[in-house]
Amino acid sequence: KEELLKSIWHAFTALDLDRSGKVLSHNLCTVLNVPHDPVALEEHFRDDDEGPVSNQGYMPYLNKFILEKVQGNFDKVEFNRMCWTLCAKKNLSKSPLLISDEDAFKVWVIFNFLSEDKYPLIIVPEEIEYLLKKITEAMGAGWQQEQFDHYKIALNTSREGLSAWELIDLIGSGQFSKGMDRQTVSMAINEVFNELILDVLKQGYMLKKGHKRKNWMERWFVLKPNSISYYVSEDLKDKKGDIILDGNCCVEALPDKDGKKCLFLIKCLDKTFEISASDKKKKQEWIQAIQSTVSLLRAGSPPPHKEARQKRKELRQKLLAEQEELERQMKELQVANENKQKELETVRKQLEAAAARAAEEEKKRLQTQVELQDRFSLELEREKMVRQRMEEQVAQKSSELEQYLQRVRELEEMYKQLQEALEDEKQARQDEETVRKLQARLLEEESAKRAELEKWHLQQQQTIQMTEAEKQELENQRMMKEQALQVAMQQLKQLELERKEALEQYEEVKKKLETAANNTKSWKDKVAHHEGLIRLIEPGSKNPHLITNWGPAAFTEAELEERQRSWKGKKATSE
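Residues numbered from 1 in each chain as written. Predicted model: local features only at pLDDT ≥ 70, side-chain atom pairs only at ≥ 80, totals over all residues. Heavy atoms only, no water.

Regarding the overall build of the protein chain
Now for step 1: Check the secondary structure of the protein chain and you find 18 helices and seven strands.
Now for step 2: Residues counted as buried form 26% of the 575 residues belonging to the protein chain.
Now for step 3: For the protein chain, the proportion of contacts with a sequence separation of at least 24, taken over those separated by at least 6, is 59%.
Now for step 4: Accessible surface computed for the protein chain: about 41600 Å², of which carbon and sulfur atoms make up 53%. (Helix = DSSP H or I, 4+ residues; strand = E, 2+ residues; numbered from the N terminus. Buried < 20%, exposed > 50% of the residue type's maximum accessible area, 1.4 Å probe, protein only. Contact = heavy atoms within 4.5 Å. Areas by Shrake-Rupley, 256 points an atom, 1.4 Å probe, with all protein chains shown as cover.)

Printed below as a string of structure tokens:
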């Protein structure tokens, strides 16, 4: 609706509504396919001053009876051409231009698309730069950014933007298309018009395979946001069909077949279309363009140029809001600065008054200074005397302080010695504690050994009690051996005496050790031959034994006879 209003605004401002309002309304109803309402038309355009158009203006009638009934099934180009016809003759420059009237019409329509949504309509420098860049790229020329920057600076100093007719003069003057002929500029304008106004995303010749005859025919294809139309030629006069695109469509590359190369397939819900591009580059460009269009349909996004236009507009609005906020802050700072200036002026006046008071007080001070000087001289003399006395006292205190410090150093030395003595005492206590712990450990070990000896003694007592019965049985034998026991006891006492003598003669025995060893060997040999008379002292069995004695009396007569027979048998065997 806003784009319709922009075109109607141009026609509206170019006409005298008292004479041509009915004509404009009638033409709008015709090109917009809105049913005519002659009664409302005559009512709004009455000749007297009481008519609604005279009192309320043309917009209420336009919105209620025309724009609200628009369904969208009208030719936008024809609508714009009708509005252009009504306003071009009055506003178009009479000076010769490098572009045709048809190109000027297309620039006018592009202006309505890119202009700001406020009246009177203007196009801002950012959109002018965007349009000129698009035209320059379509011509295949290089963009002169520095040249446009100079033009933009000159434009910003005088106004916010250009009107539609000033934009046509700018492009028609050739200022940004120097070196290009009229045909190149016209083709570039037409290409930009097709993209921005007719929503043509891509167009070009390709071969299409028929659905019935299966033959290949060259067609001019035009890709739009929701369809691909194909014509006999690029003049768009003979339309052959449409490929309706939606989110379910897809594009697939096909291998070469039947002598056709660069093939691809467009799949829709009801039909599939086989198409052959002129080369691999064109094939890839068309596949990518169709895929991008289908992706936008799936996402519900507008065409790229419309989305870019909306983003640029939002960015300008954001920058404008920031600029307004900055201006508001600057105004606040300016007000604050003025307030500060007033405060500073007040302070300056206060300082001047204070300076005057200070000058008066300075006079009074000079008057009192002479009086005080004499008083200070007397006080200075007294202070000198007090200072001398204080210096004497300080010297005395210094001497006392030196003595005190000497005493402190001596006390510190004594304290260090005391610390060392305490450390020695502490070390001695630690050594004593170590010895005490060692003694305690030895006592514990001795106690453990005593306990073990007592345990062994208890086991021996138990063993003795267990052999008590055996003692009763052997009592008779013991009585018979009593005499032998007495003899053994006498021998034992003799041996005890000899042991004591051996201890006393320990040093002499050491010298005679070898001789004693030989004697011992000889004694062992004798024992081997006379085993029945003497037995070597050997470790006994751990089982309980009968109490016996050494020597001949330790055996019974039967045992001695048995041993004598055994000894004689061994002797005979050895001989």
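From this point, things continue past the structure.
Quick word on the nonpolar core
Now for step 1: Membership of the largest hydrophobic core comes to 65 residues, with the highest contact counts inside it found for Leu28, Leu32, Phe79, Trp84, Trp108 and Ile168.
Now for step 2: Counting residues in each nonpolar core, the second largest holds 21 residues, with Cys249, Cys262, Ile275 and Val294 among its members. (Core = buried A, V, L, I, M, F, W, Y, C linked by side-chain atoms within 4.5 Å.)

Some remarks on the pairing of strand β1 (residues 202-209)
Now for step 1: With eight bridges joining them, β1 and strand β2 (residues 216-224) adopt antiparallel strand pairing. Each residue of the ladder has a partner; that of lysine 202, found in β2, is leucine 223.
Now for step 2: If you look at the hairpin formed by β1 and β2, you'll find six residues sitting between the two strands, and lysine 214 has a positive phi there, around 60°.
Now for step 3: Relative to strand β7 (residues 272-276), β1 is paired through two bridges, and the arrangement is antiparallel. Its bridge partner lying in β7, lysine 208 is registered against isoleucine 275. (Pairing = 2+ DSSP bridges.)

Details of helix α13 (residues 304-466)
Now for step 1: In this model, α13 (163 residues) spans only 119 Å end to end at C-alpha, well below the 243 Å of a helix rising 1.5 Å per residue.
Now for step 2: The axis of α13 is deflected most strongly, by about 30°, at glutamine 369.
Now for step 3: For α13, the complete set of buried residues consists of His305, Arg309, Arg312, Lys313 and Arg316. (Expected span 1.5 Å × (residues − 1). Bend = angle between axes of the 7 residues up to and from the residue.)

Section: the pattern of salt bridges
Now for step 1: One pass over the full model with this rule turns up 31 salt bridges.
Now for step 2: With its nearest N and O atoms 2.9 Å apart, the salt bridge here joins lysine 239 to aspartate 242.
Now for step 3: The class for lysine 239 is partly exposed, based on a relative accessible area of 42%.
Now for step 4: Its relative accessible area of 35% is what places aspartate 242 among the partly exposed residues.
Now for step 5: The partner of arginine 348 in a salt bridge is glutamate 345, and the shortest N-O contact between them spans 2.3 Å. Separated by three residues within a single helix, arginine 348 and glutamate 345 lie in helix α13, roughly one turn from each other.
Now for step 6: Among the residues examined, arginine 348 registers a relative accessible area of 36% and is labelled partly exposed. (Salt bridge = Lys/Arg side-chain N within 4 Å of Asp/Glu carboxyl O.)

Details of the sheet that holds strand β5 (residues 250-254)
Now for step 1: Spatially, seven strands are ordered β4-β3-β2-β1-β7-β6-β5 in an open sheet, and the strand pairing comes out antiparallel. Each edge of the open sheet is held by one strand with a lone partner, namely β4 (239-244) and β5. Averaged over neighbouring strand pairs, the angle between their axes works out to 35° when direction is ignored.
Now for step 2: By the bridge criterion, five bridges tie strand β6 (residues 263-267) to β7 in an arrangement that is antiparallel. Looking at β7, one finds that isoleucine 266 is bridged to phenylalanine 273. (Axes fitted to C-alpha atoms, helices over the stretch in contact; angles between N-to-C directions.)

Function cannot be inferred from these measures alone, as they are strictly geometric.
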